[in-house]
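Summary of the model geometry
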Amino acid sequence: MASSETHYTLPRAEFEKPVKLLIVVAPYYRDIADQLLAGARAEIEASGGTHETVEVPGALEVPTAVGIAERLSNFDGYVALGCIIRGETTHYDTVCNDSSRGLALLGLQGLCIGNGILTVENTAQAEARAEATGQNKGGGAAAAALHLIALSRKWGGQREGVGFKPVRDEYQIAASSKGKTSA
């Protein structure tokens, strides 16, 4: 039984400079989402970070919202939250697989994402995993994002120009070739 198992948890990530995370939540099951949010927010705040929260219609939209935010904003990392409960059709499999795949692909591109989208068989399983004073999967997703941000800063340093203002050397504007000859 999963509730009687003990799991190792990494020490809380620490930062010299504050971090800013975007929490993207699909509140289809509002009570579950609220518990996930409470855990994620508490973990981010305990690390000294700040956060913003946006809601999307469902778990399939979470990766898209993260991708949009990465292109148009200045977050250090992302926390994906939601809950998918098995129903009578195969739609459950599609939503589970595609939301997870979307987040994984974004992560492989270098985004620091903690995946807290629950995939469960029933409401009781969701409640046990979401409860902030229980398994706290929302807090765990936030902790995962924070650890990835710490690794990103350790290996690559914090980039200047994240978001709307890229550093000048990060892109080049094509120079005019008028009056120039090729070598």
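The rules we used
Residues numbered from 1 in each chain as written. Predicted model: local features only at pLDDT ≥ 70, side-chain atom pairs only at ≥ 80, totals over all residues. Heavy atoms only, no water. Phe/Tyr/Trp six-rings, centres within 6.5 Å; stacked < 30°, edge-to-face > 60°. Buried < 20%, exposed > 50% of the residue type's maximum accessible area, 1.4 Å probe, protein only. Pairing = 2+ DSSP bridges. Helix = DSSP H or I, 4+ residues; strand = E, 2+ residues; numbered from the N terminus. Axes fitted to C-alpha atoms, helices over the stretch in contact; angles between N-to-C directions. Contact = heavy atoms within 4.5 Å. pLDDT = per-residue confidence, 0-100. Expected span 1.5 Å × (residues − 1). Arc of directions from axis to C-beta. Patch = residues over 30% accessible without salt bridge, like charges linked within 9 Å, V, L, I, M, F, W, Y side chains within 5 Å. Areas by Shrake-Rupley, 256 points an atom, 1.4 Å probe, with all protein chains shown as cover. Salt bridge = Lys/Arg side-chain N within 4 Å of Asp/Glu carboxyl O. Core = buried A, V, L, I, M, F, W, Y, C linked by side-chain atoms within 4.5 Å.

What follows concerns the packing of aromatic side chains. Evaluated as defined, the whole model comprises two aromatic pairs. Geometrically, the ring pair formed by Tyr-28 and Tyr-29 is edge-to-face, given 5.0 Å between the ring centres and 85° between the ring planes. For Tyr-28, a relative accessible area of 63% corresponds to the exposed category. Tyr-29 sits in the partly exposed class, given a relative accessible area of 30%.

Quick look at the sheet that holds strand S2 (residues 50-55) now. Read across the open sheet, the four strands follow the order S2-S1-S3-S4; overall the sheet is parallel. Looking at the sheet topology across the chains shown, the edges are occupied by S2 and strand S4 (113-120). Taken over all neighbouring pairs, the strand axes of this sheet differ in orientation by 15° on average, direction set aside. Alignment of strand S1 (residues 20-25) against strand S3 (residues 77-85), held across five bridges, turns out to be parallel. Counted as the bridge partner of Val-24 is Ala-80 from S3. Against the sheet, helix H2 (residues 62-72) touches S1, S3 and S4, its axis set at about 170° to S3.

Mean pLDDT over the protein chain works out to 89, with 83% of the residues at or above the 70 mark. Considering only residues more than four positions removed or in separate chains, one finds that residues 176-183, a stretch of pLDDT under 50, has zero contacts.

To continue, consider helix H1 (residues 30-46). Spanning 17 residues, H1 covers 24 Å between terminal C-alpha atoms, matching the ideal 24 Å at 1.5 Å per step. The set of residues buried in H1 consists of Ile-32, Ala-33, Leu-36, Leu-37, Gly-39, Ala-40, Glu-43 and Ile-44. Looking straight down H1, one finds its buried side chains confined to an arc of 165°; they lie on one side. Buried residues along H1 sit in contact with S1, S2, S3, S4, helix H4 (123-130) and helix H5 (137-156). Phi turns positive one or two residues past the end of H1, at Gly-48, with a value near 85°.

The next thing to look at is helix H3 (residues 91-108). In this model, H3 (18 residues) spans 25 Å end to end at C-alpha, consistent with the 26 Å of a helix rising 1.5 Å per residue. For H3, every residue scored as buried is listed here: Tyr-92, Val-95, Cys-96, Ser-99, Gly-102, Leu-103 and Leu-106. The arc enclosing the buried residues of H3, seen along the axis, measures out at 145°, which places them on a common side. At the exit of H3 stands Gly-110, carrying a positive phi of roughly 110°.

A cluster of nonpolar residues, Leu-148, Leu-151 and Trp-155, forms a patch on the protein surface that exposes about 330 Å² of accessible area. Within the element layout of this structure, Leu-148 appears in helix H5.

To continue, consider the nonpolar core. In terms of nonpolar packing, the biggest core is built from 26 residues, with Leu-21, Val-79, Leu-81 and Leu-118 touching the most fellow members. For this core, the secondary-structure elements that each account for two or more residues are S1, H1, S3, S4, H4 and H5. Sort the elements by how many residues they give to this core and H1 lands first, with six residues. In this structure Leu-21 touches Ile-44, Thr-50, His-51, Glu-52, Phe-75, Gly-77, Tyr-78, Val-79, Ala-145, Leu-146 and Ile-149, once residues within four positions along its chain are discounted.

Attention shifts here to the pattern of salt bridges. The full count for this structure, using the stated rule, is eight salt bridges. Residue Lys-20 pairs with Glu-52 through a salt bridge whose shortest N-O separation is 3.5 Å. With a gap of 32 residues between them, Lys-20 in strand S1 and Glu-52 in strand S2 connect regions that are remote in the sequence. Residue classification places Glu-52 among the partly exposed positions, given a relative accessible area of 39%. Several salt bridges converge on common partners, so that one network encompasses Arg-30, Asp-34 and Glu-55.

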